[in-house]
Each structure stands twice: as C-alpha cells, then as structure tokens.
Number of protein chains: 2
Amino acid sequence: MSSPVAMAEYQAERRQLIAEDRSGRLDYKKGPLSEQEALADKVIREVRAAEASSIWSREYEGIPHPFPGMEFLTGRSIIVQTKLFEILGKMPKGALLHAHLDATVNVSVLLEIAMKYPAMHVRASTALNATNIDSILPQLSPLPQELRTAGGTALTDVNYTSNTWIPLTKARETFDSKLGGPEGFDRWITAALIINPTEAYVTHNTVKKIWQKFQSTFAVGAGLVRYEPIHKDYIREFILSSIADGISYVEPRISFLRDLRPFIAADGKTLVPHREIMKGFQDVVNQVKAELKEQGREDEFIGARIIYSTIRFITPSELEWYLRDCISLKKEFPDLIAGFDLVGPEDELKPLTYYLEPLLKFREMQKEAGVSEIPFIFHGGETLGDGTEADMNLYDAILLGTKRIGHGFSLIKHPKLMQICKERGIAIEVCPISNEILRLTSSMHMHPLPALLNHGIPVALCSDDPSAFGNMGLTFDYFQVLAASEVTGLVQLGEMAKDSINFSSMDPEEKERALTAWQKRWDVFLEYATKEGQDFLTQFKSEVNVHDEYKPDNSVIRQQYGSRKWMYKKTMRTEWMMMRQCNVLR
Amino acid sequence: MSSPVAMAEYQAERRQLIAEDRSGRLDYKKGPLSEQEALADKVIREVRAAEASSIWSREYEGIPHPFPGMEFLTGRSIIVQTKLFEILGKMPKGALLHAHLDATVNVSVLLEIAMKYPAMHVRASTALNATNIDSILPQLSPLPQELRTAGGTALTDVNYTSNTWIPLTKARETFDSKLGGPEGFDRWITAALIINPTEAYVTHNTVKKIWQKFQSTFAVGAGLVRYEPIHKDYIREFILSSIADGISYVEPRISFLRDLRPFIAADGKTLVPHREIMKGFQDVVNQVKAELKEQGREDEFIGARIIYSTIRFITPSELEWYLRDCISLKKEFPDLIAGFDLVGPEDELKPLTYYLEPLLKFREMQKEAGVSEIPFIFHGGETLGDGTEADMNLYDAILLGTKRIGHGFSLIKHPKLMQICKERGIAIEVCPISNEILRLTSSMHMHPLPALLNHGIPVALCSDDPSAFGNMGLTFDYFQVLAASEVTGLVQLGEMAKDSINFSSMDPEEKERALTAWQKRWDVFLEYATKEGQDFLTQFKSEVNVHDEYKPDNSVIRQQYGSRKWMYKKTMRTEWMMMRQCNVLR
C-alpha cells in the first residue's frame, strides 16, 4: 500500500497544479464565490449532466449523432428543448461585439417587414418548378414607382418571362400550390438567406465551399435589407430582439460598399448617403432608449455603436476613400463610430499587408481631420491555415494596433501574439457557432475557445451572422460553450458577459452604468437559475428510468457524451465470449 | 503616402514579431541552414504548392472535397499519387515511439502469414450471404490438433452450422463466388480488421462510435496476431516494413491481458508466458540486426524496445499484478522494457486517478526488485473533453512523472502543463492520422499540432495503429503534417525526426549512434529530394494549362486549398450583375 501520507501529498500537489493551470481563467481569477453564485453554478452543472444523459442520449430521426455541443444546425432542434437553453435565455449577456448588421434579424421577420413595402419586387432567371427551385436564387430589389408592375404572371407559371420583376406580395400570393403556395414562396426566399444543414455538412462541407453559399445569402439579402425603410425597421428589430435575449449593448459592423451594395431610398431609386444611414441608426437607438425609459427598463439597453467596415477586395486607393468616409462620419457622429474593419473571407480575399500603405496613415488622417481616435477592430485569423495570409493577418492586426480581434480562430498557434493579447487586453471576438457552420471546427469540442480561456486570453462570445446561421441573440452561443465543457460553468459565463462590457467601445461612464445594471440583473438571474434548475432536477430524478440513466456523481464521461460505457462493455463481452467459446472447445 | 521609412520600420517590426512568435519551433531554433538544406526546403515547398493547385484541385469520383491534409481514408488514394509522398517515402524518420504492436502490419500481409498455419481456423455465427456479410464478424483462432477440422461446409453455404470452425485456407477456397470467392473472403476478413471511410465519416462519425469499431478490430485480430508462430512473423514484418519506410528504431506498446487476450503457443492450446513473448521479440530484433549487418546496412536499424502496457479497465489490484509482471520482465530483459503504460479509450475507461494507489508505489516496487527505473510513458488527453477525466489524465500523467505523453491531444488547453513539458522535455507522441480517423479532428487543419510546435512543445510524430488506419510506416503522417501547413517545411520535419531519437528510450550510446547514422542518411536524402523535386517542377511547369493553374509566387491561399478565387469572383459577379441589371431598369 502506498502510504496515506504519500496519497494526501499527491492530492495536494494535484490541486495546486490544476489551480496553477487554470489561473488565467476568469472564474479562477474571480476569487471566492458567494453562496448564491456557488449554488447556481453547481445546480447548472447538474442540469447539464442530467440532460447529457437524457435528452442528448436519445435517438432522433434525421439527427445522426446527437451530443451536447454538436453541429448547431442539426442539434438546434434538441437545444431548444433543453432546460439549460431555457435558463440561459434569461441570462444578462452584456455586450454583443461582433455581428454583421445585414445578418442580424430572423429571416421570417425580415420577410414580414418586406411585405409591407410595395416597392419591393422579386424576380427569377426562369420560371420556377419542382426541379429547378432549389438551384435558382431569388433576386430582390425595391423599384421606383415608374417601374413597379402589377405582376400578372406567377414566378411558378411556365409563361413567366425570365427576369420579370413581380411585387413581393403578389409573387407570394400567386406562388403555385404545387410548390407550397405562399409558404413555399417563403421557403424559397428563406433558403436563399440561410445556411441549411445539408449545405454545411454535406454539399458545401469545406471552408471554401460554405463561404460561397454564405456570401450568396448576403448578395440576395442586400436587396431587402438595404432598402432604407426596411433598414430602419431592421435595425429596430435587431436591437429589440437583442434586448429580449439579455444583451444590453450592441456594436455591429456595417459593410459599406458604395457602388456594389448601396442603400436605396424609399423612392426605390435614390442612393442613400452613408451619413443618412448613420443618422437612421442613431434615430432608432434613441427611440428604443426613450421607449425603454418610459417603461422603466432603461437598464436593459445602454446603447449601440457601429464598426465601419468595408470588404477586403477593394484596391488600396479605394480603401483610402472609405477611410476618409469613415473619418467624416466620425466627425459628425463621434459617439456612433466605434472603429474600422475590413471584412470578408480572409482565405479568399486580400490580406492586411495589401492595404498597409493606407492603413498606416489612417491615424495621421484622423489627426488632420481633428477627430478622436478611430481604432482598428480587425478580423484576423478566421482560418484553418497555418502560416497562410489569413493566419498571418493576426501579426498585422496586432502591429496596426487593433483594439480587438474578430474571430482570432488561429491565434492559439501564436504564443507571442497570445502574450501580447493578454498584456494589452486585446479581446478576441469568438463566434463559436459561426466558426462551426463555416467549417473551421466540426463541433464545439474541437473549438480552440477552451484553450484560449485557460491561457487567459480575453474573450467575448459573439453571434456573427445570426440570420444566416439561426443563432439569434447570444443564448445559442453561450449554450454551445457551456454544453461542451466540464470546466466552464455559469460563473465563467457571467464573467465573460461582464468582460464583453469591459472590452466594448463604450466610454468609461457608460461602461460603469452597464456593469452596475448587469450586476443587478445577474443577481436576479442567479436566483432564477437556481430555482428553475432545482425544480427541473427534482422532477428529473423522479422520472429517471433505465433508458435515461442519471448518474450525476459518476464519471464526467457520461455527463459529457451520455451513457456509453455499456456499449464498450458490449464490445468487450462479445470478445470475451469469443475467447471463452474458444476455450470451451479445447 | 505613408513614408517609406514608416513602411520599412513596420516591416522590420513585423519580421521581428514573427521571429519571436516562432522562436520555439525546431526549424527556427536550428539557426542558419546550409545551402543544401535551404534549397531542399524551398524546392519541397514549391512541389507542395504545385500539387495543391493541380492534383488536389481536381474533381474525383467518390472523394467529395479534396484538399491537402484532408480526411486520410478518402484522401489516401490521392496522397499516394503525389510527388511529395514519393519523396517523403525516402526520408529517414528516426524513431517510431507510439504504435500498438497488434496493429502494425498490413492486413493483407498478416492474412498471407496466417494462411501458412494449419492451426488457424475461422468461424461465423451464421452462414454468410450477401445480406448479412457486412454485419457478421469473423472469429479467428488457432485450434489444437485434436480439434482441427477438415471443414466440409463453406462459411457461405446455407447448410453451414453456426459457429463451426473451418481451417482458414479451406474457408477461403470454398468462399462462394457470389460473395467474391477467395478475394471476397479476404475482403470480409480485412473489413473486420480495418476502419473504412464510411465507418469513420458516416456511420460511426463520433469519437465514441468509431472507437467501438476500432476496438472490434483488435478483438478480431488478436485471434491471428496472438498465435505465437504468427506473432514472430508479425514482429519481423513490422520491423522490416518500418525499416523500409526509413524508421531506424521502434518502441511499440504490447498490451498484456493475461486472461482476455492471451498468446497461444504453436500447439494451439498452451498459453505462452509473457517472458516468452519478450524472448521472441528479442530474437527477431537480433536476427534482423544480424541480417542488416551482413548486408552492410546496420545504420538503418538501431534497435527496438517495448512499452509494457495493459488496458485501463482492470481493477487496481489486477494492475498490481501487471506492474509486478513488468518488473520481473525488466529484470530478465533490462534493455528491452522501455516503460509502462495503460491503454484503451480514455473517454470510456478508467482514469489514472483510479489506479493511483498501485501507480504511486511502482517506483518502490522497482527498487525492492533491484531493477533499473521503468518510467511511465502514459497515454493522456486523447480526447475532445474539456475537464473530463480523459483530459484530466494529463495532470496525473505529469504528476506521476511520465517520460512522454501518448497523444496529449488536449494538452493545448493546459498552459501550465505545456510549460512543464517544455521545461522537463516531456515529448508528446502526436498521431495525426489516428486522431483524425478516431474523430478528434476532422482534418489535419483542425489538429493542434501546429500550435504545439509553435509553443515549443517537444513532439514525435507517430502512426499509432497503422494496420487499422492504413498509414503504414511514418510517411503518411509526415505527409499530412507537411501538406496542411505553410510554416512547416522539410527542415522542420527533419528536426522532428531527430527529436524522435532524442526522446526515445535508447541509451546514450545508442542515441549517438542513431543520430550520426540519421544525419548521414539525411544529407543523402536532401540531395535526392532536391533533385527529384526540381525534375518534377520542370516537368510540371511545362505541362501547366488553364485547369492546372500554377502560381507559386501568388498568395498562399492557392497553395493551401487550390485555386478558388475564381469561385469567389463568380459569386461576386453574379451579385454585381444583379445589381447592374437593377440599375439598368431604373
């Protein structure tokens, strides 16, 4: 027998080692928990374990291999049935720091909004039928009064003339019932604006291919979203749905592309200047704030800023125009412009080095214009590449002084850059579900997030493009992170939410207000989560049967992937029997 | 214009940052390269780029999304056609430090060996037909003389009596031609001993499920491999094929399971004591050495040691028996026993903490027995879990003083443990292809290896279970690592090969001999690789056409994933046209 002393020493050393290893984590840095925090965290871990061994361990039609943290698009229908998801839905989540405005509103809501505007038209390259409907994209656009049509022939009519514009409502009403009628029309439009599981996991199952589909959702959607009257409704809906999800501040990116993706005015023809877009955004924000104040809910929404973005396929001299445009908007809307970014698929488009010339003089340009600093908030390392241009963007983002890093998926490969991020407080805008759907990771379990957390890298969880992915709000992303770990619990999520406020572009006073408001709501949430979780567990334990084996005290294996030891045993038993039968014969 | 000075300063700072970031890498640590090294490294990078844009950019029947570093089981047929693979085949690879002996020999070779022994029999639970053949596993076993049969009825005959033993050769000869005849028989046996792409990527596409299949390959294979006469041939074949692949030292694990998977003697019934297995292994090694010496090739093979292993489902008191057994073997074969390990699926079986009691006194037991130290060489962190028992095994492996870590897939999540591995020179036995097939990573691009290399963690590339995965030798694993990176080149591979010798269990004199021999072969290899690569590139450039766009000086994107910018352009063009058509109408 090894002596009890040796064992006790070992265990002490082990605890010490684990503590050192995790010392960079927010939940470890936080220090001792309050009784309420500790209890809520414990209850939520038990709920997670209970659901891992029950709802995640069943067989589902059309969901090949369910497990917590699985591919989002196939797992979503299970996620929304969980108690964990229900509870997280109520969590105050702080700031949303990475989302592309054009992809933030639920597609069915967008369609409902669009139907209100007679200017909105749709067309197709040929008459739609059961054979071609899956491969033909809708083209959507507002039209000026003089070009609007009555839309006599349905899109699904064999006599439909290729590329004839039809009013959106009309096209919907007249959609052939064989193709599903109006609901079939909605499905057709929706399919063009979202990524479906077959695309992500079968037909477009590489980073390269899924980006093609992903980009086409923006191309199709712009026709709706960038019609100014819709745009205002869209911003409002984005903010309200964020608030409903517990988000109290948003910092979306708007991609400005003056020629390729202009904003169209109510008349269906005039191009809207960028300052009008800013103005419209500000109006909506102020209006929402006023409404909330009236309802005594002003703590639920602190505000919003915009990260001015353009797409990294333009020339350096074109970029200079956008930099100047951004500066002039900063001058007019100093509290609205949070930073500048270059967006688009990093693996496909131009690296930051291509734009060094203009980027290096951006600060100078700002000084000349007399505006306060506009930090870069660059996308960087949204790639699987090792030493590719997209991966190397991380060096340039940091050298150029980026305030945060969008994605930073490949950061884990860069020890020196990780150290710099820690030292300078450069937060990584981590988008778990986006990364998975865009095929950088196959499930949450392969995501570098846990590594980043343990290495003490500042992180904010973000949704990126929820309308295309279906991860509206931040609840889904928080869920995936919580479900796929045995280390991360509610306390860690809370600290991350708090950090999202710290790393936002709010000014110090706003931050303080946001943090105070967050803490108040967090305390209420902890009580709710504890109560809700405990009720669930009581009910759950009373219902446990042989199929839903519940063993919260057992190996974390079962908590993680559900009960599977029996399968191993079965395999071993088979082998054992084979050997035994063999012996019996001898 | 930003000043040329500012730009020059930026570029200098950038170079400095990259150098610091990569300072832990072996290729950076190595210092200035010789002319030959630099040239070979450059040529191989060009070959990689050329093939990324040609052979990897074509469409293949039955290979959905080809790219360099892709899923091994579907990509293999492309890999073997590449020049890169051909060249790497000749590379001297140093030591193989992680392989399970039972899964090291090509299945068709194993079958050929097995056919030589009349004791070998096979049976099935029912007569095989086209419907059930895919779901019925062969049971294989040597039988004692008195139980051997003539095997009148074929396995595929409807009159076959369930579980009747048939001599292997007879079963093969009489296999119904409708099921492929003798080749059909080979396919049936082979399918039970390997993992096929459908299993890995469709039907068993989770860690949990693929392990079930994987374990069954061992269960079926043991009946062949653990028949002592076959076992000796098997060891010989393993060593010879390793040498043919450029491996000069092997350190396989043998899983000892005295009751469940015993070794059977030539008579088909006597159990072979473990010391006889050791003796047999030693005999084969010595014989091979003698043969090579005779041929003047002694530099090609320095030797072999065994890591005594057992499976982590036994009880702690059973483990004590195995620890004692290991010690007694160490006493008799001091130069043969390299270490002790516990193997099997970490997510399923017992964690190291379960065995703390016996493991903590292993050193004491060794002292009492008066043997030289037997280090632990533990599997650890072969998991996607974050804080699961399998992930936590890493803490215990290190606390228990492990010499190396098998897999360490989750090590990247543990900053403190990474630091310890660096400081203490605990090398990680990284098995890229194994990890991918066993679903810890979806492709090489999601593997943590590049991160480990950049963080300066010592690493040895290993094949794990090549007979089940089809990655015989080390060439395939080196290929995958090289193909999926733009940082790693030939020089880095060479340094890793050298390190595999440094981190082996050879004694200092052997290591020195191995390193000297390796260097000599490496110099020859560099010349060969340069010449072969240059010839290929000359030929390649002369054949380039529009389909095989070759742009070695262009963005690394194309080098990595093949030409895809045109696809993006197509998407953008579509959008552009949509917008333009819209403008035209106005």
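As recorded by an unreviewed UniProt entry, chain A carries the name adenosine deaminase and is attributed to Rhodocollybia butyracea. For the record of chain A, the UniProt heading Sequence similarities (unreviewed entry) holds the text "Belongs to the metallo-dependent hydrolases superfamily. Adenosine and AMP deaminases family. ADGF subfamily."

One pass over the structure, following the stated rule, counts 67 salt bridges over all chains. The shortest N-O distance in the salt bridge between Arg25(A) and Asp27(A) comes to 3.0 Å. Comparing Arg25(A) with Asp27(A) shows no difference in burial state: the two are buried. For Glu495(B), the salt bridge is made with Lys30(B), and the minimal N-O distance between the two is 3.3 Å. Of this pair, Glu495(B) sits in helix H22 (residues 490-502) while Lys30(B) sits in the loop between helix H2 (26-29) and helix H3 (35-52), placing them 465 residues apart in sequence. On the basis of relative accessibility, which here comes to 13%, the residue Glu495(B) falls in the buried class. A cluster of three or more residues bridged by salt bridges with shared partners is formed by Glu251(A), Arg253(A), Asp341(A), Arg404(A) and Glu429(A).

In this section: the relation of the copies chain A and chain B. Here chain A sits on chain B after a turn of 180 degrees about the axis and a move of 0.0 Å along it, with an RMSD of 0.0 Å. Seen this way, the second copy is the image of the first under a two-fold rotation axis. The C-alpha atom lying nearest the rotation axis in chain A is that of Ser442(A); the distance is 3.2 Å. Taken together, the interface assignments show that 100% of the residues at the interface of chain A recur at the interface of chain B, consistent with an identical surface on both copies.

Residues and elements named next belong to chain B. Here asparagine 163, not a glycine, exhibits a phi torsion of approximately 60 degrees, which is positive. Structurally, the position occupied by asparagine 163 is in the loop between strand S3 (139-142) and strand S4 (166-167). Residue class for asparagine 163 comes out partly exposed when judged on its relative accessible area of 26%. A positive phi angle, near 80 degrees, is found at histidine 407, a position not held by glycine. Relative to the elements of secondary structure, histidine 407 occurs in strand S11 (residues 404-407).

The next subject is the sheet that holds strand S7 (residues 303-304) of chain A. All names here are of chain A. In spatial order, the strands read S1-S5-S7; together these three strands make up an open sheet with parallel pairing. Two strands bound the open sheet, and with one partner strand each, they are strand S1 (94-96) and S7. Examined bridge by bridge, S1 and strand S5 (residues 247-250) share three bridges and lie parallel to one another. Each residue of the ladder has a partner; that of leucine 96, found in S5, is valine 250. Against the sheet, helix H11 (residues 228-244) touches S1 and S5, its axis set at about 145 degrees to S5.

Moving on, we get to the interface of chain A and chain B. Contacts between chain A and chain B engage 105 residues on the former and 105 residues on the latter. A buried area of about 10,000 Å², summed over both sides, lies between chain A and chain B, and 61% of it is on carbon and sulfur atoms. Joining chain A to chain B, the criterion identifies four salt bridges. For Arg14(B), the salt bridge identified is with Asp396(A), shortest N-O distance 2.8 Å. Along the contact surface separating chain A from chain B lie 29 residue pairs in polar contact (both at pLDDT 80 or more). Per-element accounting of the side of chain A that touches chain B gives the leading share, twelve residues, to helix H25 (residues 565-585) of chain A. Among the residues making up the side of chain A that touches chain B, the classes are represented as 50 nonpolar, 28 polar and 27 charged.

What counts as what
Residues numbered from 1 in each chain as written. Chains lettered and ligands numbered in written order. Predicted model: local features only at pLDDT ≥ 70, side-chain atom pairs only at ≥ 80, totals over all residues. Heavy atoms only, no water. UniProt positions renumbered as here; feature names shortened; annotations may be inferred. Salt bridge = Lys/Arg side-chain N within 4 Å of Asp/Glu carboxyl O. Buried < 20%, exposed > 50% of the residue type's maximum accessible area, 1.4 Å probe, protein only. Helix = DSSP H or I, 4+ residues; strand = E, 2+ residues; numbered from the N terminus. Least-squares fit on C-alpha atoms with pLDDT ≥ 70 in both. Contact = heavy atoms within 4.5 Å. Pairing = 2+ DSSP bridges. Axes fitted to C-alpha atoms, helices over the stretch in contact; angles between N-to-C directions. Buried area = accessible area lost by both parts, 1.4 Å probe. Polar contact = N/O pair within 3.5 Å; in protein donor to acceptor, adjacent residues only side chain to side chain. Nonpolar A, V, L, I, M, F, W, Y, C, P; charged D, E, K, R; others polar.

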